[in-house]
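# Structural description and commentary
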Number of protein chains: 2
Amino acid sequence: MAGIRAKQKEKTRQALINAAMNQLSAENGFSSLSLREVAREAGIAPTSFYRHFRDMDELGLTLVDECGLALRQLLRQARQRIESGGSIIRVSIETFMQFVADNTATFRLLLQERSGRSRSFRLAVVREIDHFKAELEDYLVNEQSFTRELAELQSDTIAKIVFSAGADCFDVDEEEREIITEKTIQQVRLVARGAEATRRLLKRES
Amino acid sequence: MAGIRAKQKEKTRQALINAAMNQLSAENGFSSLSLREVAREAGIAPTSFYRHFRDMDELGLTLVDECGLALRQLLRQARQRIESGGSIIRVSIETFMQFVADNTATFRLLLQERSGRSRSFRLAVVREIDHFKAELEDYLVNEQSFTRELAELQSDTIAKIVFSAGADCFDVDEEEREIITEKTIQQVRLVARGAEATRRLLKRES
DNA sequence: CAAAACAGCGTACACCTGTTCGCTGAATGT
DNA sequence: ACATTCAGCGAACAGGTGTACGCTGTTTTG
């Protein structure tokens, strides 16, 4: 009843996922890693792979999903930390950058497959980024009283900045990462100021 | 004396480059395309490939270089169109977007390999993006009288926005591309306004 | 307790890969 | 005119790839 069988299956499924992440963290793009090697690192026969995933692509999509999920959870935690005092911009970006540092392999997959490979891959990545934008947009409307339109423009801009900054962190050491983090904070503030100025501009016109 | 031999060599070298670009425009990432297939499409024997490139990587780096070079030339042309009247932001971004539409394959390579594969690849891509930033930065300092510091922050931000927007154009039709272009223009204006506000803020402090 | 389900294995197959090696014939240099 | 250079070729090799098939031994179900 405990499902000792299902439990074991889940375990090797995770082993496959971990194996794929490890191989990814090297220098190989996802498309250039092979079913056999992943299976080998997971400690199972190549043919057993098919008991868990139809394809390598199906595994890849799972990775993308998991990465996005983890990121969202983390940012939701950060949101709580903000409510008990702290700059929204600083806390969010520091959290984000820490996430990238901890999950370099999968985040790299995210960005890499964003502009490559199969359509389904790209759609999955876009979906994750859209989640990020939507949450930010809602915040700007509800807490900062921006128009929906201006909030949309702003959140899209910030998402572009932040995800690009994430990509800049891949090769660098911790010291450089902090520099990038500070720069990103300044850039997001630049956008926030621009949005504020635009809001005032629009008010004056009406 | 005409170099009929060298001319033929250059011709098949271009054939190889074109073949690689074609295969790239499909759905395969660069890392997943093979020397043999590229040679086949170029119409030469696999072994003859080595007369032109040591590696597939060497071919890839050539592609990155060519893409960056073409982009820079195009933007320099755009610069001249601006001097004879026209919004700097609008003309630049429309030019950029047109470039992406015309060179989707190589631009995709640029962005894809930006966060993947070998170190040398990434450095080459970063170098191209840095060119873009540097030219923009100089413009902001010389023509708009920004501080070097604020110009650097601004150009870096704009580069992130514009290159991300380029990536968004990959799958879409022309209609959607125009929408993205307009959005990008607004976003860059947002940043420009933010920078302007920041400049005034700093002046007041001193 | 017997029967069914099923995760994992090993073998086998056809195919594609990068790269070595020695050859050819035409363009070049002298 | 002869010797040299050298882009391109074909054959061959060792190794990797995805996947089909049928077999196990254990867990689950009835």
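As the structure is a prediction and not an experimental result, all values here were calculated from the model. (Residues numbered from 1 in each chain as written. Chains lettered and ligands numbered in written order. Predicted model: local features only at pLDDT ≥ 70, side-chain atom pairs only at ≥ 80, totals over all residues. Heavy atoms only, no water.)

## Focus: the state of the cysteines
Here, disulfide denotes a covalent bond that connects the sulfur atoms of two cysteines. Residue and element names in this part refer to chain A. Put simply, the test is: Cysteine sulfur pairs qualify as disulfides if the two atoms are within 2.5 Å. Exposure classes here rest on a 1.4 Å probe applied to the protein chains alone. A residue is buried below 20% of its type maximum, exposed above 50%, and partly exposed in between.
Throughout the structure, instances matching the rule amount to zero disulfides over all chains. Between Cys169, a cysteine without a disulfide, and Cys67, which holds the nearest cysteine sulfur, the sulfur-to-sulfur distance is 14 Å. Judged by relative accessible area, which is 6%, Cys169 ranks as buried.

## Structural notes on the protein's contact with DNA strand C
Rules: Distances are taken per atom, and a residue is near a molecule or strand as soon as one of its heavy atoms is within 4 Å of it. Definition of a polar contact: a pair of N or O atoms within 3.5 Å, with one able to donate and the other able to accept a hydrogen when the atoms are protein atoms, and with sequence-neighbouring residues admitted only if both atoms are side-chain atoms. Under the DSSP-based scheme used, a helix requires at least four consecutive residues in state H or I and a strand at least two consecutive residues in state E, with every element numbered from the N terminus. We call Asp, Glu, Lys and Arg charged. Ala, Val, Leu, Ile, Met, Phe, Trp, Tyr, Cys and Pro are nonpolar, and the rest, Gly among them, are polar.
The local shell around DNA strand C holds 20 residues, among which Arg5, Ala45, Arg51 and His52 of chain A together with Arg36 of chain B are the closest. The protein-proximal atoms of DNA strand C, defined as those within 4 Å of the protein, are 48% sugar or phosphate. One of the backbone N or O atoms of Arg5 of chain B is found 2.9 Å from a phosphate oxygen in DNA strand C. A distance of 2.8 Å is found between a phosphate oxygen of DNA strand C and a side-chain nitrogen or oxygen belonging to Ser34 of chain B. Where the surface near DNA strand C is concerned, the elements lending two or more residues are helix 1 (4-25) of chain A together with helix 1 (4-25) and helix 2 (35-42) of chain B. Considering every element that reaches the surface near DNA strand C, the biggest residue donor is helix 2 of chain B, with four residues. Classifying every residue of the surface near DNA strand C by side-chain character gives five nonpolar, seven polar and eight charged.

## Brief notes about a negative patch on the surface
Residue and element names in this part refer to chain A. Note the threshold: Candidate patch residues must exceed 30% relative accessible area and have no salt bridge, after which like charges are joined if within 9 Å and Val, Leu, Ile, Met, Phe, Trp or Tyr side chains if within 5 Å. Methods summary: accessible areas were calculated by the Shrake-Rupley approach with a probe of 1.4 Å, and residue burial reflects only the protein chains presented. Criterion for a salt bridge: a side-chain nitrogen of Lys or Arg within 4 Å of a carboxyl oxygen of Asp or Glu. For the charge count, each Lys or Arg is scored as positive and each Asp or Glu as negative, with His and the chain ends excluded. In plain terms, the charge of a residue is placed at NZ if it is Lys, CZ if Arg, CG if Asp and CD if Glu.
Together, Asp173, Glu174, Glu175, Glu176 and Glu178 line one region of the surface with negative charge. Residue placement: Glu178 occurs in helix 8 (residues 174-205). Judged by its relative accessible area of 51%, Glu178 is exposed.

## Description of unusual backbone geometry
Its identity is not glycine, yet Ser145 of chain A carries a phi of approximately 60°, on the positive side. A relative accessible area of 54% means that Ser145 of chain A is categorised as exposed.

## Some thoughts on the relation of the copies chain A and chain B
Worth spelling out the cut-off: Overlaid copies result from least-squares superposition on C-alpha atoms, with residues included only where pLDDT is at least 70 in both. In this analysis, two residues are considered to be in contact whenever any of their non-hydrogen atoms come within 4.5 Å of each other.
Laying chain A over chain B is done by rotating through 180° and shifting 0.0 Å along the axis; what remains is an RMSD of 0.1 Å. Seen this way, the second copy is the image of the first under a two-fold rotation axis. Closest approach to the rotation axis within chain A is made by the C-alpha atom of Gly194 of chain A, at a distance of 1.8 Å. Interface residue correspondence from chain A to chain B reaches 100%, placing this contact among same-surface, isologous pairings.

## Notes on the packing of helix 3 (residues 56-83) of chain A against helix 5 (residues 104-114) of chain A
Residues and elements named next belong to chain A. How we decide: A fitted line through C-alpha atoms serves as each axis, taken over the contacting stretch for helices, and the angle formed by two N-to-C directions is quoted from 0 to 180°. In this scheme, roughly parallel covers angles under 35 degrees and roughly antiparallel covers those over 145, while 65 to 115 is roughly perpendicular and the rest are oblique.
Helix 5 packs onto helix 3 with a crossing angle of 110° between their chain directions and a minimal axis gap of 9 Å. Considering the angle they form, helix 3 stands roughly perpendicular to helix 5. Counted together, Gly60, Leu63, Val64 and Cys67 of helix 3 and Thr106, Phe107, Leu109 and Leu110 of helix 5 form the full contact between these two elements. For the contact of helix 3 with helix 5, the class distribution of residues is six nonpolar, two polar and no charged.

## Brief notes about the pattern of salt bridges
Residues and elements named next belong to chain B. Across all of its chains, the model carries 37 salt bridges over all chains by this definition. The salt bridge involving Arg72 is made with Glu128; its shortest N-O contact spans 2.9 Å. Of the two residues, Arg72 sits in helix 3 (residues 56-83) while Glu128 sits in helix 6 (residues 119-142), which places them 56 residues apart along the sequence. Of the two residues, Arg72 and Glu128, neither departs from the other in class, the shared state being buried. We note a salt bridge from Lys160 to Asp156, for which the minimum N-O separation is 3.0 Å. You can see Lys160 and its partner Asp156 sitting in helix 7 (residues 148-168), four residues apart, about one turn around the helix. Comparing Lys160 with Asp156, the two get one shared label, buried.

## Here we look at the packing of helix 5 (residues 104-114) of chain B against helix 6 of chain B
Residue and element names in this part refer to chain B. So the rule is basically this: Two helices crossing with the near one rotated counterclockwise from the far one by less than a right angle form a left-handed crossing, whereas a clockwise rotation gives a right-handed crossing.
With their axes 8 Å apart at the nearest point, helix 5 and helix 6 run at an angle of 120° to one another. If you check the angle between helix 5 and helix 6, you find them oblique. Between helix 5 and helix 6 the crossing geometry is left-handed. Along the contact surface, helix 5 presents Leu110, Glu113 and Arg114, while helix 6 presents Phe121, Arg122, Val125 and Ile129. Residue classes in the contact of helix 5 with helix 6 are distributed as four nonpolar, no polar and three charged.

## Quick word on the UniProt feature "DNA-binding region" (unreviewed entry) in chain A
As a reminder, the rule being used: UniProt positions are given in the numbering used here, feature names are shortened, and annotations may be inferred rather than shown by experiment.
The sites that carry the UniProt feature "DNA-binding region" (unreviewed entry) are, in the present numbering, residues 34-53 of chain A. Helix and strand shares over residues 34-53 of chain A are 40% and 0% respectively, and the end C-alpha atoms of the span are 13 Å apart.

## Quick word on the interface of chain A and chain B
Rules: Buried area: the accessible area, evaluated with a 1.4 Å probe, that two parts lose upon being put together, summed over both parts.
On the side of chain B, 37 residues touch chain A, which itself brings 37 residues to the contact. With both chains or domains summed, chain A and chain B bury close to 3,300 Å², and 53% of this area falls on carbon and sulfur atoms. For the pair chain A and chain B, the interface holds eleven salt bridges. As a salt-bridge pair, Asp168 of chain B and Arg114 of chain A come within 3.2 Å of each other at their nearest N and O atoms. For the pair chain A and chain B, the interface holds 16 residue pairs in polar contact (both at pLDDT 80 or more). Looking at the side of chain A that touches chain B, the elements that each hand over two or more residues are helix 5, helix 6 (119-142), helix 7 (148-168) and helix 8 of chain A.

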